[in-house]
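In case you want the letters, here they are:
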Amino acid sequence: MNIIVEKNWDNHPHIALVKLNRPKVLNALSTDLMNELIDALFKLEDDKEVRVIVLTGDDRAFAAGADIAEMVEHTPVDKIMENRFRAWSQLPLIGKPIIAAVSGFALGGGCELAMTCDMIIAGDNAKFGQPEISIGAMPGAGGTQRLTRIIGKSKAMLMNLTGEMIDAKKAYDWGLVAKVVPAETLLQETFEIAKKIAAKAPVAVRLAKESINRAYETTLKEGMEFERRNFYLTFSSADQKEGMRAFLEKREAKYTGR
Ligand code: CO8
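Sequence order as written defines the numbering, with residues in each chain counted from 1. Totals for whole chains, interfaces and linings use all residues, but because this is a predicted model, local features are given only for residues with pLDDT of at least 70 and pairs of side-chain atoms are given and counted only at 80 or more. Here the side-chain values reflect all heavy atoms present in the structure, with hydrogen atoms and water set aside.

1. Focus: the nonpolar core
Quick reminder of the rule: Definition of nonpolar core: a set of buried residues of the types Ala, Val, Leu, Ile, Met, Phe, Trp, Tyr and Cys, connected through side-chain atoms within 4.5 Å. Whether a residue is buried, partly exposed or exposed follows from its accessible area with a 1.4 Å probe, protein chains only, as a fraction of its type maximum: under 20%, in between, or over 50%, in that order. A run of DSSP states H or I qualifies as a helix once it reaches four residues; a run of E qualifies as a strand once it reaches two. Both are numbered from the N-terminal end.
Of all hydrophobic cores here, the largest spans 45 residues; its most connected members are Leu20, Phe62, Leu113, Phe128 and Leu176. Counting residues per element, this core draws most heavily on helix α1 (residues 31-46), which supplies 7 residues. Core analysis: the second largest hydrophobic core is formed by 16 residues, Leu17, Ile99, Ala101 and Val181 among them.

Here it is as structure tokens:
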């Protein structure tokens, strides 16, 4: 099994943990792994109980990139005809929040996978990089695009053209990760963040995620309009009424996801 899914993570009914599981090759992202990952994520997307997904690897690596042994003799025709980017292009279609909990290496496709998630929480042992240039290639799933939007042109050039890794502190300083925590407590700390999100109104969480992601793809004016519409849309949910009434009645809100 290239992917291990733990629903009801730590007995929480709304949080699922998804673990990349090819430890011998530092969780290298083979096509099979990526296809299993996207299938697992869509199952969780369809599961009404699940509200937040945490994606992780192991202590040594989140993922050290696409599987080089699998890729080495590929031709562009192989990649096109076998639709090897299917999983990658479907990842942004997941509407539920996905948190990447990164310990160890997040390189090449591994860094790109983490960036495709909605936020990255890094252990203090994490290392991020786009080392494809060192093996005669270049990123193919966001290393020149998402990374540039996140950390800016000059730093993205530095990472992409030298292939050098940055540590967790630098990744935090550069805005790539939301939080750095001790590696030993990475999963607990990520669980606490997931718990906070899982306690919010799922419709509002979904619409907020969608709006933030839109900021990367549109002009400010269009993005503001999109945000306004999603804001209005929250007022069609029972959870908005419940959330605001609960505030006024000084009680805890009970959200149903409707
Ligand atoms: N693919 C396949 N196997 C890998 C990979 C990988 N990306 N990374 C590590 N491994 C394997 C090693 O070959 C080794 O296997 P074995 O024990 O059989 O020799 C095992 O994992 C352990 O690795 P190392 O012995 O090298 O461990 P070290 O601690 O010495 O080094 C490093 C760790 C620095 C992470 C090193 O393994 C390394 O440099 N790995 C390659 C990193 C890399 O270049 N990644 C980019 C790959 S290309 C890419 O991601 C393009 C993405 C495009 C989008 C996706 C399209 C489908």
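Don't stop here, the text continues.
2. Quick look at the layout of surface pockets
Short version of the rule: Here a cavity denotes grid points, spaced 1 Å and computed from the protein atoms alone, that fit a 1.4 Å probe unable to get out, and a pocket denotes an open set having protein on both sides within 12 Å along at least 5 of 7 lines; residues with an atom within 4 Å of a point are the lining. Grid points are joined across faces, edges and corners, and a volume is the space filled by probe spheres set on the points. Think of it as three bins: nonpolar holds Ala, Val, Leu, Ile, Met, Phe, Trp, Tyr, Cys and Pro, charged holds Asp, Glu, Lys and Arg, and polar takes everything else, Gly as well.
Approximately 1,100 Å³ is the volume attributed to the largest pocket. By residue class, the composition of the lining of the largest pocket is 25 nonpolar, 5 polar and 9 charged. The volume enclosed by the second largest pocket comes to roughly 690 Å³. Along the wall of the second largest pocket there are 31 residues; nearest its centre are Ala66, Met71, Lys79, Glu132 and Met138. Sorting the residues of the lining of the second largest pocket by element identifies α1, α2 (68-71) and α5 (109-116) as the ones contributing at least two each. The greatest single-element share of the lining of the second largest pocket, amounting to 3 residues, is contributed by α2. The residue inventory of the lining of the second largest pocket, partitioned by class, reads 16 nonpolar, 9 polar and 6 charged.

3. Comments concerning the pattern of salt bridges
In plain terms, the rule: A pairing counts as a salt bridge when a side-chain nitrogen of Lys or Arg comes within 4 Å of a carboxyl oxygen of Asp or Glu.
Enumeration over the complete set of coordinates arrives at 11 salt bridges. One network of salt bridges, in which partners are shared, links Glu242, Glu249 and Arg251.

4. Observations regarding the site of the ligand
Operational definition: By convention in this text, a residue qualifies as near a molecule or strand provided that one of its non-hydrogen atoms is within 4 Å of it. For this analysis, a polar contact is any N or O atom pair within 3.5 Å, provided that within protein one partner can donate a hydrogen and the other can accept it, and provided that sequence-adjacent residues contribute only side-chain to side-chain pairs. Exposure was quantified through the Shrake-Rupley algorithm and a 1.4 Å probe, taking into account, for residues, occlusion by the shown protein chains and nothing else.
In the vicinity of the ligand, 24 residues are found, and the nearest of them are Arg60, Ala64, Ala66, Ile68 and Gly109. Note that a nitrogen atom of the ligand is positioned 2.9 Å from one of the backbone N or O atoms of Ala64. At 2.8 Å, a backbone N or O of Gly109 approaches an oxygen atom of the ligand. Here the ligand loses 63% of its free accessible area of 1,100 Å² to cover by the protein chains. Those elements that place two or more of their residues in the shell around the ligand are α2, β6 (105-107) and α5. The residue inventory of the shell around the ligand, partitioned by class, reads 15 nonpolar, 4 polar and 5 charged.

5. Side note on the side chain of Asn2
Here is the rule: In what follows, a contact means two residues having at least one pair of non-hydrogen atoms within 4.5 Å.
Its location among the elements puts Asn2 in the segment before β1 (3-6). Discounting residues that sit within four places of it in the chain, Asn2 has contacts with Lys19, Leu20, Asn21, Arg22, Asp32, Leu33 and Glu36.

6. Side note on the environment of Leu17
You can see Leu17 is positioned in strand β2 (residues 15-20). The exposure class assigned to Leu17 is buried, which follows from its relative accessible area of 6%. Remark: the alpha-carbon pair of Leu17 and Arg228, spanning 211 residues in sequence, is separated by 32 Å. With sequence-adjacent residues up to four places away left out, Leu17 is seen in contact with Ile4, Val5, Glu6, Trp9, Val54, Thr56 and Leu187.

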